[in-house]
Amino acid sequence: MSRVYLTGAGPGDIELLTMKAHRVITEADVIIYDRLANPQLLEMAKDGCEFVYVGKEDGRHTLPQDEINEVIYQNALKHNVVVRLKGGDPFVFGRGGEEGAYLQERGIKFEIIPGITSAVSVPAYAGIPVTHRGVAVSFRVVTGHESPNKETSQIPWENFKTDDTIVFLMGLHNLKKISSKLREIGKPKEYPCAVISRGTTKDQSVVVGTLEDIVQKAKGVPTPALIIVGKVVQLREQLDWFNT
Ligand code: SAH
């Protein structure tokens, strides 16, 4: 009986993998992976394991999700241990829920292996805690994929007036619109934010700025990158440890 493991690969640093993810990678008959999963993880697979790549090099997008669902399903019909490896955590903007539902509808057993999400670990590697006593009592993880000006936007921008930390994933191309939108709802122009690129890897780069100058400062920063907005960004002055 085959089983599909919807598996979080962590944010980039290969050691930020769970022991459970490591086990299923070594047991896999096939690994279906995309751009964000560190390719070094594939070297842990057993001899004869097949690899199926479902990402596109040139953009953020992978194959259409319905095609990926079908690729996973077809592999489950052929193999016993199917690992669907995804960057970070499979349920944090990872579409793991859709993949699980597709398999469930077709009678395929699956397990979820949570991963260390970039939303928390990438700021951590930049010396930025997403919460901090007296600075931020909560944090939100928000899609930056949607243009803030979209009329049908489901993002509750008005709720972002507090000092809670906001982490935008998939938002680099909308950085300008996101920073102006936050100004529009009343955040001051000197409000701290940062863009962190290729976090937790040796190519990590961190740009610290304000809502006013971050667009200028973060020009040309490579993906994947996330945006973090909040007073916690200032703690980096004391907590930056990565290059020390
Ligand atoms: N499931 C993933 C997120 C998928 S959305 C997770 O839990 O981490 C993809 C977005 O994640 C990217 O657009 C980027 O904003 C962010 N991201 C993933 N890995 C990253 C990294 N190493 N450094 C910076 N941002 C990263």
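Residues numbered from 1 in each chain as written. Predicted model: local features only at pLDDT ≥ 70, side-chain atom pairs only at ≥ 80, totals over all residues. Heavy atoms only, no water.

**Points about the overall build of the protein**
Part 1: Counting its regular elements, the protein contains seven helices and 10 strands.
Part 2: In terms of overall size, the protein behaves like a compact globule, its C-alpha atoms giving a radius of gyration of 19 Å where 244 residues would be expected to give roughly 18 Å.
Part 3: The burial tally for the protein puts 49% of its 244 residues in the buried class.
Part 4: Looking at the protein alone, contacts between residues at least 24 apart form 70% of all its contacts between residues at least 6 apart.
Part 5: Put simply, the protein shows about 12,300 Å² of open surface, and 51% of that area lies on carbon and sulfur atoms. (Helix = DSSP H or I, 4+ residues; strand = E, 2+ residues; numbered from the N terminus. Rg over C-alpha atoms; globule rule 2.2 N^0.38 Å. Buried < 20%, exposed > 50% of the residue type's maximum accessible area, 1.4 Å probe, protein only. Contact = heavy atoms within 4.5 Å. Areas by Shrake-Rupley, 256 points an atom, 1.4 Å probe, with all protein chains shown as cover.)

**What to know about the environment of Gln40**
Part 1: Its place among the elements puts Gln40 in the loop between strand 2 (30-33) and strand 3 (50-53).
Part 2: Separated by 26 residues in the primary sequence, Gln40 and Ile14 have C-alpha atoms spaced 7.4 Å apart.

**With respect to the domain arrangement of the protein**
Part 1: Looking at the assigned domains, one finds that the protein contains domain 1 (3-113) and domain 2 (118-239).
Part 2: Here the C-alpha centre of domain 2 lies 28 Å away from the C-alpha centre of domain 1.
Part 3: Every contact between the two is made by 11 residues of domain 1 and, on the other side, 16 residues of domain 2.
Part 4: Summing both partners gives a buried area of about 920 Å² for domain 1 against domain 2, and 66% of it is carried by carbon and sulfur.
Part 5: Summed over the shared surface of domain 1 and domain 2, the number is zero salt bridges.
Part 6: Seen at the junction of domain 1 and domain 2, the total is two residue pairs in polar contact (both at pLDDT 80 or more).
Part 7: In the side of domain 1 that touches domain 2, the residues fall into five nonpolar, three polar and three charged. (Domains from an automatic or database assignment. Buried area = accessible area lost by both parts, 1.4 Å probe. Salt bridge = Lys/Arg side-chain N within 4 Å of Asp/Glu carboxyl O. Polar contact = N/O pair within 3.5 Å; in protein donor to acceptor, adjacent residues only side chain to side chain. Nonpolar A, V, L, I, M, F, W, Y, C, P; charged D, E, K, R; others polar.)

**Focus on the sheet that holds strand 6 (residues 139-143)**
Part 1: If you walk across this open sheet you meet the five strands as 6-7-10-8-9, and the pairing is mixed. In the strand order of this sheet, the two ends are held by strand 6 and strand 9 (205-210), each with one partner. Direction aside, the axes of adjacent strands within the sheet are offset by 20° on average.
Part 2: Relative to strand 7 (residues 165-169), strand 6 runs parallel, the two being bridged by five bridges. Opposite Val141, over in strand 7, you have Val167 as the bridge partner. (Pairing = 2+ DSSP bridges. Axes fitted to C-alpha atoms, helices over the stretch in contact; angles between N-to-C directions.)

**Considering the site of the ligand**
Part 1: The environment of the ligand is made up of 18 residues, and the closest members are Asp89, Val92, Thr117, Ser118 and Ala225.
Part 2: A distance of 2.8 Å separates a nitrogen atom of the ligand from a polar atom in the backbone of Asp89.
Part 3: Met170 places a main-chain nitrogen or oxygen 2.9 Å from an oxygen atom of the ligand.
Part 4: Burial of the ligand by the protein amounts to 93% of the accessible area it has alone, namely 540 Å².
Part 5: When the residues that make up the shell around the ligand are grouped by side-chain class, the tally is 11 nonpolar, five polar and two charged.
Part 6: Split by domain, the shell around the ligand shows at least three residues from each of two domains, domain 1 (3-113) and domain 2 (118-239). (Near = heavy atom within 4 Å.)

**Points about helix 2 (residues 65-78)**
Part 1: Helix length check: helix 2, at 14 residues, gives a terminal C-alpha distance of 20 Å against a target of 20 Å (1.5 Å per residue), a fit within 8%.
Part 2: Gln65, Ile68, Asn69, Ile72, Tyr73, Asn75 and Ala76 are the residues of helix 2 that are buried. In an axial view of helix 2, the angular spread of the buried residues amounts to 165°, which keeps them on one side of the axis. Exposed and facing more than 90 degrees away from the buried side of helix 2 are Asp66, Leu77 and Lys78. (Expected span 1.5 Å × (residues − 1). Arc of directions from axis to C-beta.)

**Brief notes about the sheet that holds strand 4 (residues 81-86)**
Part 1: The strand order 3-2-4-1-5 describes an open sheet built from five strands, whose pairing is parallel. Edge positions in the sheet fall to strand 3 and strand 5 (109-113), since each has one partner strand and no second. The sheet shows a mean angle of 20° between the axes of neighbouring strands, taken without regard to direction.
Part 2: For strand 1 (residues 3-8) and strand 5, the ladder comprises five bridges, and the chain directions are parallel. Directly across from Val4, in strand 5, lies its bridge partner Phe110.
Part 3: Across the sheet, helix 1 (residues 19-27) lies against strand 1, strand 2, strand 4 and strand 5, angled at about 130° from strand 4, the strand it touches most.
Part 4: Set on the sheet, helix 3 (residues 96-105) makes contact with strand 1, strand 4 and strand 5; between it and strand 1 the angle comes to about 175°.

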